[in-house]
Amino acid sequence: MKWCGDVVGRGSAAYFARVARLRRALVLLAAAACTAAALLYWRQQSDERTTRPLHSVYSGVEPEWTWECRKERCERLPAAEAPTLQSLPTCNMLCASTQLWPQPTGPVSLATAAVPVRASAFTLHIVTSPSREVSEHLEDAFGLFREDLRALEKTTVSDSKRSDIGPAHEVLVRVSVNGSTDVRMRIDTDESYKLALAPDRGALVAHISARSFCGARHGLETLSQLVWLDPYAGSLLALEAATVDDAPRFRYRGLLLDTARNYFPVGEIVRTIDAMAACKLNTFHWHVSDSQSFPLRLNSAPQLAQHGAYGPAAVYTTEEVRAIVRRARLRGIRVLIEVDVPAHVGRAWSWGPQAGMGHLAYCVEVEPWSAYCGEPPCGQLNPRNPHVYDLLEGIYAEILQLTGVDDIFHLGGDEVSERCWSQYFNDTDPMDLWLEFTRRAMEALERANGGKAPEMTLLWSSRLTRSPYLERLDTKKFGIQVWGASRWPESRAVLDAGFKSVISHVDAWYLDCGFGSWRDSSDGHCGPYRSWQQIYEHRPWVDESSGMAGAGPTGEGWRVEGGEACQWSEQLAAGGLDARVWPRAAALAERLWSDRAEGAVGDVYLRLDTQRTRLRARGVRPAPLWPRWCTHNPHACL
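Residues numbered from 1 in each chain as written. Predicted model: local features only at pLDDT ≥ 70, side-chain atom pairs only at ≥ 80, totals over all residues. Heavy atoms only, no water.

- Going by an unreviewed UniProt entry, the protein chain carries the name beta-N-acetylhexosaminidase and comes from Iphiclides podalirius.
- Among the UniProt annotations of the protein chain, the heading Catalytic activity (unreviewed entry) holds the following wording: "Hydrolysis of terminal non-reducing N-acetyl-D-hexosamine residues in N-acetyl-beta-D-hexosaminides."
- Recorded in UniProt for the protein chain, the comment headed Sequence similarities (unreviewed entry) runs: "Belongs to the glycosyl hydrolase 20 family." (UniProt positions renumbered as here; feature names shortened; annotations may be inferred.)

## Describing unusual backbone geometry
Note: most peptide bonds trans; most residues except glycine with negative phi.
Step number 1: Of note, the bond from Val341 into Pro342 is cis; its omega dihedral lies within 30 degrees of zero at 5°.
Step number 2: Here Pro342 shows up in the loop between β13 (334-339) and β14 (361-362).
Step number 3: Cis geometry is adopted by the peptide bond preceding Pro468, which originates at Ser467 and carries an omega value of 10°.
Step number 4: Backbone geometry places His344, a non-glycine residue, at a positive phi of 55°.
Step number 5: You can see His344 is positioned in the loop between β13 and β14.
Step number 6: Under the relative-accessibility criterion, His344 is labelled buried at 14%.
Step number 7: Of note, Asp595 is a non-glycine position whose phi angle comes to about 50°, a positive value.
Step number 8: Structurally, the position occupied by Asp595 is in the loop between α15 (584-593) and α16 (602-617). (Helix = DSSP H or I, 4+ residues; strand = E, 2+ residues; numbered from the N terminus. Buried < 20%, exposed > 50% of the residue type's maximum accessible area, 1.4 Å probe, protein only.)

## Points about the state of the cysteines
Step number 1: Counting across every chain of the model gives six disulfides.
Step number 2: Disulfide pairing places Cys363 opposite Cys420 at an S-S distance of 2.0 Å. Between Cys363 and Cys420, the S-S dihedral sits near 105°, and the bridge is therefore right-handed. Separated by 57 residues along the polypeptide, Cys363 in the loop between β14 and β15 (380-381) and Cys420 in helix α9 (residues 418-424) bring together distant segments of the chain.
Step number 3: Across the disulfide, Cys630 is cross-linked to Cys637 (sulfur-sulfur distance 2.1 Å). Here the S-S torsion is close to -80°, and the disulfide linking Cys630 with Cys637 is therefore left-handed.
Step number 4: Note on Cys630: relative accessible area 9%, which makes it buried.
Step number 5: Cys637 gets classed as partly exposed once you look at its relative accessible area, which sits at 31%.
Step number 6: Taken in sequence order, the bonded cysteines of the protein chain link in the pattern 1-4, 2-3, 5-8, 6-7, 9-10, 11-12. (Disulfide = S-S within 2.5 Å.)

## Structural notes on the environment of Ser209
Step number 1: Within the fold, Ser209 resides in strand β7 (residues 203-210).
Step number 2: Considered as a pair, Ser209 and Gly219 are ten residues apart in the sequence and their alpha carbons are 7.9 Å apart.

## Observations regarding the packing of aromatic side chains
Step number 1: Enumeration according to the criterion identifies 19 aromatic pairs in this entry.
Step number 2: Ring centres of Tyr510 and Trp568 lie 6.2 Å apart, and the angle between their planes is 55°; this geometry places the pair in the tilted category. Here the residue Tyr510 occupies a position in the loop between α12 (506-509) and α13 (532-537), and Trp568 occupies one in the loop between β20 (560-567) and α14 (577-581), the gap between them amounting to 58 residues. This pair shows no difference in class: Tyr510 is buried, exactly as Trp568 is.
Step number 3: The ring of Phe250 has Arg249 sitting right over it, with the charged end atom 4.2 Å from the ring centre. (Phe/Tyr/Trp six-rings, centres within 6.5 Å; stacked < 30°, edge-to-face > 60°. Lys NZ or Arg CZ within 6 Å of the ring centre and 35° of its normal.)

## Section: empty space enclosed by the protein
Step number 1: Taken as a whole and judged by the stated rule, the model has three cavities of 30 Å³ or more.
Step number 2: In this model, the largest cavity occupies a volume close to 80 Å³.
Step number 3: Contributing elements (two or more residues each) for the lining of the largest cavity: α3 (132-153) and α4 (213-224).
Step number 4: Considering only residue class, the lining of the largest cavity consists of five nonpolar, one polar and five charged. (1 Å grid on protein atoms, 1.4 Å probe; cavity = no way out; pocket = protein on both sides within 12 Å on 5 of 7 lines; lining within 4 Å. Points joined across faces, edges and corners; volume = space filled by probe spheres on them. Nonpolar A, V, L, I, M, F, W, Y, C, P; charged D, E, K, R; others polar.)

## A look at α15
Step number 1: Of all ten residues making up α15, ten are buried, and the element is well covered by its neighbours.
Step number 2: By the burial criterion, the buried members of α15 are Arg584, Ala585, Ala586, Ala587, Leu588, Ala589, Glu590, Arg591, Leu592 and Trp593.
Step number 3: Following α15 by one or two positions, Asp595 has its phi on the positive side, about 50°.

## Regarding the layout of surface pockets
Step number 1: Each pocket or cavity is described by its volume, and for the second largest pocket that value is around 760 Å³.
Step number 2: Every residue lining the second largest pocket is counted, 45 residues in all, and those nearest its centre are Arg261, Glu375, Glu415, His525 and Glu570.
Step number 3: Partitioning the lining of the second largest pocket into residue classes produces 17 nonpolar, 17 polar and eleven charged.

Here is the structure:
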C-alpha cells in the first residue's frame, strides 16, 4: 500500500501541476475573448449610431424594412441590406411627391431635410390681428392644432426610450391676420394664406399670414401636415423649411350628413367636423330633420322634437348644437342646419289640432305610401295654414341664432307630392301652391333675419326648378343645390338659367349609393357605389362638349359656388359613419379646393394614402384605399 501510495502521490503532483497551467491558460483565453467581444459590441453599436440613426423603437424590434428615394419614388428594401434605415413616412415626406392634401393652388417649395420636434415645443405668437375675437379664436384654434400633434405622439414610446436623434427643436408659430374682423366662415371670406417655415438659431419659425381667421386656420392645418411621426425614431419630425402660397378654387366645399333617418351621437358629428377641417372642407350641411324623425329640440317649437324624435336619447339639445357650432367655427367650418319643408315632414308636425292650430301637415303616414312619397313615412306641410309660417319664422330665427350663419340658408324644398295637396286643395294647381309656399317661407326667413334676405338661400333641385316654374324663381334670392344626375337636362337648365348653384350630382357625389335598397333586393335608387376616384374626377363645371368652363345661352359663365357630398342615412347609423365617408369626402375636398385638370393619377393615390394616415391619427376610422402591401410598395400597385 505504501508503494502504491507513493506512486499515486507522485502522479497526483504532476497532474495538479498540469491542471494549474491549463487553468491559467483558460483564464487568459477567457479574458482575451471578453475583450474581443466587448470591442466587437462597441464597434457594432458605433456603426448603429452612425449608419442607422433612426433606431427602431416603435415595435420594440429591429425594423425589417427600409425605404429609399430612388428616381423620385420610395422603394422598399430589406433593412439588413441597407447601410441606413429610413421609415416609410419619412421617405414619403422627403422624396419627390408633395404630401399635402388638398394640393395647394399656388407655388410650393419643400425642403428635403427634417428635424425632431414635439407638440409641447410649438408656441404661438400673434403678430397682428384685426380684433380681440380673432386673437381669441387663433389661440383656441392653435390649442386644437397642438392637440392634433399630441394625438400623433400617443403612439410613440416614452421619453426614456426614444432614439437619440438629437434634441427636439422649438417651433415658434407667428401668425398675422390683416383683414376681416369676422371669425365666421362666410360666403365672401378670403380663405387664402401664406406659410413660410425656416430654421432660425437652432429653432424653427413658421410665419402664417392671412386675410381672415379662417385663412390663418388653414395655414395651421397645412403646417400640421409638415409634421409626421417617424416610427423608427419614436419621435415627431418636421420639414426643416417650406413655403406655401394657397387659396381655394371654390368658396363652398360641403359635406351633408342626414341625422333624421338614423341618429348620430354628438361625438361622431364632432369627429366628422375635425376630419372635414383636416381636408379644408368648410360647410357642414346638417340635414337635421325629415319625415322619419325630428331630433332637434328647439325652444321656439319644442313640440317638434317631443312628437318627432325617436326618443329622449336621440335628441340634440341647443347646448349640444352650440358646442358643435363652436368646434366647427374653430375649425374654419360653417354649420348649415336644414329643416326640410314643405315635404319630408312627419309625425313631428301632427300636434296642431290639439294645440288649437289646425292641421299643420297632411298625408302624415298615409298609405299606400308609394303613391305619395319616395319612402315611408310620408307627410307634407299645410300651405294654407298661417300658423305654419309663424312656426317657420321662429324655427329660422332660432337656427340663425344658434349657428350665426345668416348669409347662407337652406329651405329644403324637394319632392313635394302634388297628389297630397290636390286631395285637400283641388281648387288650385299644386305647383302654384308650391310656389306660394316657397314665397311665404322666404318671407318668414327674411323676418327672422331682421328683414334681410340671406345672400344665398338654397333650394333642392326639383320639379319647381324646371321650366316653366324655374323662371318664376328670383335668381337674386335663391340658389339651387343640384342633386339630379349630371346628364339630366334639368340639372344643366339650372346652371344655364343663371342661378347660384351648389353641385351634389347623385351619379358622382352621393355617398349612400351602391349599398342596395333597404326595401327590396334591387340595387336601390341611385345605382352603383361611387368610388373615391369617381368623386375626384368629377368636374361638373366644365362643359363636356367644349372642355371649357360652362356658360349659359347668353354666354355668361355658370355661377357654381362649389359642391357637396351627401351622406344620407337610411342604411347607416352610429359606428359606421367614418368608413362610409372617408377617404371619399377627402377626394371631393381636393377637387373643390385645387380643381387640377388631372384625374386620379399615381401622385394622388400616394398623397391620399398619407392623408388617410393623418385622419387615423385623429381618431377617424377611414376605409382603406388598397391592400396595406400597396402602401409599402405603392409603385408596384400603380
